[in-house]
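The primary structure of each chain is shown beneath.
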Amino acid sequence: MKLTCPVVEDLLPFYHDKTCSEESQRLVEEHLVTCQRCRSTLSDYQEIIPYADQEKKILLHTVETYAKKKSKRDFFGGTMIAVLVLALFAVGIFLIDWYVDFPVSVQEVEVSEVSQLMDGSIIFHIYLDNNKQCNFIRHEIKSDGTVYVTPMRSIIQMNRKANDEGLHDVYYVARFEDENNSGTHFLPKDTPAIYVGPPGKAILVWENGQELPPASERLEKIATTDDVLNLY
């Protein structure tokens, strides 16, 4: 059986790629022996196809290069995002540690040595029995003049170190106005009461009219040092 040129031209791509059947290959070769036109067409395939293969290699190389560059950019971008997230997290922890505080439970607060100094001032001792650091102590005077002294600690609780000095172990002196002393460093002489802790859950230290034992010589000395804290 002889093949016509149109049929051979349809088979030439498969013949060139060696994907046609043995029978088709034989018939194509028989036709090529006597047909210059089809031989020229086959020659064109032999020139075009290698060029196309080279173009394919160039395209694949370009794609691979782009993929590698994109992978590096994605890795760098992901690393920068991770660093930024960690930095924001660290800043958030720092802000929470310093600016988010809540009152120490009065169950962990010991108030002792409540005494009256010779000048009429009141001295008392505050100790926090919770093995935690105390960030600061908030002073609050209500509209009726009642004073609240509230130890505060960070939401992130840190253990105290051995022999650590700080606000967990302090003496307070409440000095009252009189004819010789007045101003912002003194409490009004009609102050109704002093509490330790937040309103509603506080420990009563002293209330107006209450008689207190006289301070010892040791407390009198403590009241004159820079270590004592003043209420005003």
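The structure we're discussing is the one just above.
What you see is a predicted model; the values in this text were computed from it and never measured.

(A) Here's a closer look at unusual backbone geometry. With phi around 55 degrees, Glu 113 is a residue other than glycine that occupies positive phi space. Judged by relative accessible area, which is 28%, Glu 113 ranks as partly exposed.

(B) Examining the pattern of salt bridges more closely. Under the defined criterion, the tally for this structure stands at eight salt bridges. The partner of Arg 26 in a salt bridge is Glu 23, with the nearest N and O atoms 2.5 Å apart. Here Glu 23 and Arg 26 lie together in helix H2 (residues 22-34), a separation of three residues that amounts to about one turn. Given the relative accessible area of 37%, Arg 26 is considered partly exposed. The class of Glu 23 is partly exposed, set by a relative accessible area of 43%. A salt bridge links Glu 217 to Lys 221; its shortest N-O distance comes to 3.8 Å. Placement of both Glu 217 and Lys 221 in helix H4 (residues 217-222) is noted, with a separation of four residues, approximately one turn of the helix. Comparing Glu 217 with Lys 221 shows no difference in burial state: the two are exposed.

(C) The nonpolar core, seen in detail. Within the largest apolar cluster, 22 residues are counted, with the highest numbers of intra-cluster contacts made by Ile 122, Phe 124, Ile 126, Val 149, Tyr 172, Ile 194 and Leu 231. For this core, the leading source of residues is strand S3 (residues 122-128), giving four residues. Setting aside chain neighbours within four positions, we find Phe 124 in contact with Val 111, Ser 112, Glu 113, Val 114, Val 170, Tyr 171, Tyr 172, Ile 194, Val 196, Val 205 and Leu 231. Residues Cys 5, Cys 20, Cys 35 and Leu 42 belong to the second largest nonpolar core, which totals twelve residues.

Conventions we followed
- Residues numbered from 1 in each chain as written.
- Predicted model: local features only at pLDDT ≥ 70, side-chain atom pairs only at ≥ 80, totals over all residues.
- Heavy atoms only, no water.
- Buried < 20%, exposed > 50% of the residue type's maximum accessible area, 1.4 Å probe, protein only.
- Salt bridge = Lys/Arg side-chain N within 4 Å of Asp/Glu carboxyl O.
- Helix = DSSP H or I, 4+ residues; strand = E, 2+ residues; numbered from the N terminus.
- Core = buried A, V, L, I, M, F, W, Y, C linked by side-chain atoms within 4.5 Å.
- Contact = heavy atoms within 4.5 Å.

By themselves these figures say nothing about function.
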